[in-house]
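Summary of the model geometry
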Amino acid sequence: MATSFIISRRVIDTVNSLPIADRIPISNALSAEFILGMDPSESMTPLQNMLYAMIRFYVVQDTECGAAAQGEGRQIDGSVKPCRCAFG
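So, here is what we can say about the structure in this document.

What counts, and at which threshold
Residues numbered from 1 in each chain as written. Predicted model: local features only at pLDDT ≥ 70, side-chain atom pairs only at ≥ 80, totals over all residues. Heavy atoms only, no water. Buried < 20%, exposed > 50% of the residue type's maximum accessible area, 1.4 Å probe, protein only. Helix = DSSP H or I, 4+ residues; strand = E, 2+ residues; numbered from the N terminus. Arc of directions from axis to C-beta. Polar contact = N/O pair within 3.5 Å; in protein donor to acceptor, adjacent residues only side chain to side chain. Contact = heavy atoms within 4.5 Å. Core = buried A, V, L, I, M, F, W, Y, C linked by side-chain atoms within 4.5 Å.

Attention now moves to helix α1 (residues 9-16). Here α1 has its buried residues at R10, V11, T14 and V15. Across the axial projection of α1, the buried residues extend over an arc of 125°, all falling on one side.

If you want it as structure tokens, here you go:
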């Protein structure tokens, strides 16, 4: 993958809140997709795929918000608040 991405505190907290049996495959899937550019869906159970889709949405959303903040000239650091969707 050629672009940068943001892993926010929301993503980290969500992954850390999962049972260890789900945490490791989902963490591996995040790195497989966002670092290696691979499709991780076949390496997870259906439930893990559903959880991964939610966490992936967080990463994509937070990355888009970070890019928007940089476009506005704001500094991006570890204290960036994740963007929220219209539903919550």
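With respect to the secondary-structure elements, Q48 resides in helix α3 (residues 46-71). Using a relative accessible area of 6% as the deciding quantity, one classes Q48 as buried. There is a polar contact of 3.0 Å between the side chain of Q48 and the side chain of D22. Beyond its immediate chain neighbours, meaning those up to four positions away, Q48 contacts A21, D22, P25 and I26.

Moving on, we get to the nonpolar core. One broad rule of soluble globular proteins: the nonpolar side chains tend to lie buried together. Core analysis: the largest hydrophobic core is formed by 13 residues, its most contacted members being V11, I26, L30, Y52 and I55. Of all elements in the fold, only α1, α2 (20-34) and α3 reach the threshold of two or more residues within this core. When residues of this core are assigned to their parent elements, the largest contribution, five residues, is made by α3. Here I26 is in contact with L18, M44, Q48, L51, Y52 and I55, once residues within four sequence places are set aside.

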